[in-house]
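What follows is each chain in one-letter form.
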Amino acid sequence: MTPFTGRRRAFWWALMVLTAAVVVVNSTVSWAAFAGTIKPGPPPASIPLPGREVPILPSPHIPYLGYSHARYNSLPPTSGPHLPWVIMTGIYEQPVADELGVHLLEHGHILIQYAPATPAAQVARLDAIALRYSADVLLAPYPKLGSGIALTAWGRIEMLPRADTGAITQFITLLRGRYDHKWSPAWAAAHAP
Amino acid sequence: MISHAGANDVSAPGQSGASPGQSGPGVPDQGPGVGPDVVIGFGELSIVPEGEEFVVGDPELGVFLGLPQIGVTAIEHLCAGRTVGQTTAILAGVTGENVNVGEFVDGLIDAGLVRLVDGVPADGKAATAVARRRWVTGVRPEHVRWLFGRTAWVLYGACAAWSVGALAALPEYRPSLISLLFYPDPAVSLSIIVAVSIIIGSVHEAWHWLAGRAEGVGARFAASRRAFLPVLETDLTQLWSLPRRRRYGPLLAGMAFEFVVLAGCLAVRVAAKPLGVPPLEDRFLAVVVNILVVSIAFQCLVFLRTDLYLVLATALGCQDLLRVSRLYLRSRLIGLAPAQQTRLDNAHPRDLRAAPWFAAFYVAGLGLLAWLLVNLWLPATAVGGGWIVFGLVHASASQTTFWEALAIAVLTLSQAAWPLAVYLKERAARNRTTA
């Protein structure tokens, strides 16, 4: 090997170390988030919110759809075990599995799920809302629901007998982005009491 | 899997040992090298001016060398059927100096440019190159030239401008990590994503090839890798037989195709509401946008010998920028083995001038790769691994889960085995060269 010493060598080693440090500092991968062992504190104090609070469950990833896991504590669920994949927001004509929907809630999105017997005119109204908030909302039928419409956010649920545009819009605008693997400081600041 | 154009770098004159060595005036000095009575046989050579030098190559073999004027003159005389001794005498008359043509020819043989020595096939690289010269030329240039004419490039540019503008102005259409599962069944979504990625990657490569055909050159296709990422590669080495300005089109063609599709997808998505595009189709288009943006962004990683690296190296007039920069960096960090030092010392001056800043860029690129590995590749592999292990262990063969897990296992292992196999092949080739 050709020996090489001097300030130039120090410069290139410093550049390598600096690059490695930047990589380490900016790495956001979290085993706790992956394994679902994060235990968030209580929700931040805020202005009155629509719906009711549901206790947050341990929310680990499960390996595949159909894998046995702990029961959810609401119908539809607002937290708990979920798939590692995140489904896209938007309008679905097929039901979306709870294990997929919960992961979307964990990233601060809103689920609007309706009973299969919901009249077409009300579904059309829900479609319009979902289109308006397409980046925030997933809309899908929910066969386990006997009637009405379920609005869910992370740790929060509201049941409506029909498609009430005002109530749904308020649920979306007040609760979107409240949680994304942790309670959002920005949301808390914007909705402080 | 990401697609990618490749072009083997041209050997610098010193690298190949192919510069006619100049000896002291007055005394003919054959020195080491082939004898004076030897006649050399070449294929059909291309000779293209490149600044003050020339790129001389055998397009059919995919072997190209950077040579000074005197080297070109020597080759022209050798091509005309003159012996090494006759060529030496002619060059001595021209330059007033004795020129070691024998050693020069040795360098040409080592580089693989010489096909015949006294009518006998030359050993070494040329024989290997002959064996692997599977250039695909199935389309006549005049049939595809319209795809890469001035009007077409204006269209490609407009598509790129529209795509970049739309993504900048309309954040809701930007790709995101959640824009992957567009259908409630993850297995269905992932299968379609893989299929679309392969189709886009294949057409990207085909577009390189078609653009090359429009310029009259062929291409070879191969499975390759960039770091730990599997890629499809189109070998466009024959581009070295063209003047520099005609190389850009084939190098940029893959991205041009992707910008056309991206522009179309974004246009339909933006107009989805008035057009009444069904939600499922809209989400599918979002996935295609994701795949295309990732693919185009990948081409911007110039430290990985991507399409834009080749464009950059071509624009700078460099001949082996990435390899020279790696050698430069290694020399600054831990030093070089003698053979590596010789290679660096003999690198083309333009490569040496660019190497310091490009090496810094390369270090930043390594950091970016490490970040991608830790934050995306490993978690994605862990997710796939969990699906595979739990699916295969807990589900029976009568359940869909088992077969999904098996399919994901094949996919994941192929994605990991592909770059590994390419790496092992490269290492074996390096060892053979060293030996």
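None of the values given here were measured: they were computed from a predicted structure.

Colleague: For this particular structure, what's the right way to read the confidence of the model for chain B?
Modeller: The predicted coordinates should not be examined in detail at positions where pLDDT is low. Residue and element names in this part refer to chain B. Model confidence for chain B is summarised by a mean pLDDT of 85, while 89% of its residues fall at 70 or above. Within chain B, strand β2 (residues 21-22) has the poorest average pLDDT of any element, 36, and helix α7 (residues 150-169) the best, 97. Scored below 50 in pLDDT, residues 12-31 makes 56 contacts in the model with residues more than four places away or belonging to other chains. For this predicted complex, the interface confidence score (ipTM) comes to 0.81, while the overall pTM stands at 0.82.

Colleague: How should I be thinking about the nonpolar core in this particular structure?
Modeller: In summary, soluble globular proteins display a tendency toward joint burial of nonpolar side chains. Residues and elements named next belong to chain B. The biggest cluster of nonpolar side chains holds 104 residues, and the ones touching the most others in it are Phe148 and Leu262. With residues near it in sequence (within four places) discarded, Phe148 still touches Trp153, Tyr156, Trp207, Leu210, Ala211, Ala214 and Ala253. Within the second largest apolar cluster, 27 residues are counted, among which are Val34, Ile75, Leu113 and Val114.

Colleague: I would appreciate a short explanation of the interface of chain A and chain B in the present structure.
Modeller: Reports of interface size often rely on the accessible area that becomes lost once the parts have come together. Counting residues at the interface gives 37 residues for chain A, matched by 45 residues for chain B. When the two sides are added together, the surface that chain A and chain B hide from each other amounts to roughly 3,700 Å², 72% of it contributed by carbon and sulfur. Counting the surface chain A buries against chain B, the share from its top three residues, Trp12, Trp85 and Met88 of chain A, is 21%. Counting the contacts that link chain A with chain B gives zero salt bridges. Put simply, chain A and chain B have five residue pairs in polar contact (both at pLDDT 80 or more) between them. Looking at the side of chain A that touches chain B, the elements that each hand over two or more residues are α1 (7-26), β2 (90-91) and α3 (98-106) of chain A. Broken down by element, the side of chain A that touches chain B gets its largest block of residues, nine residues, from α1 of chain A. Of the residues in the side of chain A that touches chain B, the class split is 26 nonpolar, nine polar and two charged.

Colleague: Explain the packing of aromatic side chains here, please?
Modeller: Aromatic rings considered in pairs are described by the distance between their centres and by the relative angle of their planes. Under the definition given, this model contains 15 aromatic pairs over all chains. With a centroid separation of 6.4 Å and an interplanar angle of 40°, the aromatic rings of Phe358 of chain B and Phe361 of chain B are classed as tilted. In this pair, Phe358 of chain B and Phe361 of chain B both sit in helix α15 (residues 349-394), three residues apart, roughly one turn of the helix. By relative accessible area, which is 43% here, Phe361 of chain B ends up partly exposed. Ring geometry for Phe402 of chain B against Trp403 of chain B: centres 5.1 Å apart, planes inclined by 85°, an arrangement best described as edge-to-face. By relative accessible area, which is 47% here, Trp403 of chain B ends up partly exposed. Every member of this aromatic cluster is reached through a ring pair, and the members are Tyr309, Trp357, Phe358 and Phe361 of chain B. Here the basic side chain of Arg220 of chain B rests over the ring of Trp135 of chain B, its NZ or CZ set 3.9 Å away from the ring centre. A cation over an aromatic ring shows up here: Arg283 of chain B above the ring of Tyr92 of chain A, its NZ or CZ 3.4 Å from the ring centre.

Colleague: Explanation requested: unusual backbone geometry in the structure shown.
Modeller: Peptide bonds are mostly trans, and most non-glycine residues show a negative phi. The step from Leu75 of chain A to Pro76 of chain A runs through a cis peptide bond, and the omega angle for that step is -10°. As for its position among the elements, Pro76 of chain A is in the loop between β1 (52-53) and β2. Its identity is not glycine, yet His181 of chain A carries a phi of approximately 65°, on the positive side. When you line up the elements, His181 of chain A lands in the loop between α5 (165-175) and α6 (185-190). Despite not being glycine, Arg305 of chain B shows a phi value in the positive range, around 55°. Its location among the elements puts Arg305 of chain B in the loop between α11 (279-299) and α12 (307-316). Residue Arg305 of chain B is classed as buried on the basis of its relative accessible area of 15%.

Colleague: Help me understand the pattern of salt bridges, please; the structure alone is not making it clear to me.
Modeller: Pairs may arise between side chains of opposite charge once their charged atoms sit close together. Inspection of every chain in the model, using the stated rule, returns 15 salt bridges over all chains. Measuring nitrogen to oxygen at the nearest pair gives 3.4 Å for the salt bridge that ties Glu50 of chain B to Arg244 of chain B. Of this pair, Glu50 of chain B sits in strand β4 (residues 46-50) while Arg244 of chain B sits in the loop between β11 (229-235) and α9 (248-270); the two residues are 194 residues apart in sequence, bridging distant segments of the chain. Here Glu50 of chain B falls in the buried class, since its relative accessible area comes to 3%. On the accessibility criterion, Arg244 of chain B (26% relative accessible area) is partly exposed. Across the pair Asp320 of chain B and Arg343 of chain B runs a salt bridge whose closest N-O atoms are separated by 3.9 Å. In this pair, Asp320 of chain B is assigned in the loop between α12 and α13 (321-333) and Arg343 of chain B in helix α14 (residues 338-345), connecting sequence segments 23 residues apart. For Asp320 of chain B, a relative accessible area of 2% puts it in the buried group. Overall, Arg343 of chain B belongs to the partly exposed group, its relative accessible area being 31%. If you follow the salt bridges from partner to partner, you end up with Glu53, Arg156 and Arg178 of chain A in one network.

Reading the values: rules and limits
- Residues numbered from 1 in each chain as written.
- Chains lettered and ligands numbered in written order.
- Predicted model: local features only at pLDDT ≥ 70, side-chain atom pairs only at ≥ 80, totals over all residues.
- Heavy atoms only, no water.
- pLDDT = per-residue confidence, 0-100.
- Helix = DSSP H or I, 4+ residues; strand = E, 2+ residues; numbered from the N terminus.
- Contact = heavy atoms within 4.5 Å.
- Core = buried A, V, L, I, M, F, W, Y, C linked by side-chain atoms within 4.5 Å.
- Buried < 20%, exposed > 50% of the residue type's maximum accessible area, 1.4 Å probe, protein only.
- Buried area = accessible area lost by both parts, 1.4 Å probe.
- Salt bridge = Lys/Arg side-chain N within 4 Å of Asp/Glu carboxyl O.
- Polar contact = N/O pair within 3.5 Å; in protein donor to acceptor, adjacent residues only side chain to side chain.
- Nonpolar A, V, L, I, M, F, W, Y, C, P; charged D, E, K, R; others polar.
- Phe/Tyr/Trp six-rings, centres within 6.5 Å; stacked < 30°, edge-to-face > 60°.
- Lys NZ or Arg CZ within 6 Å of the ring centre and 35° of its normal.

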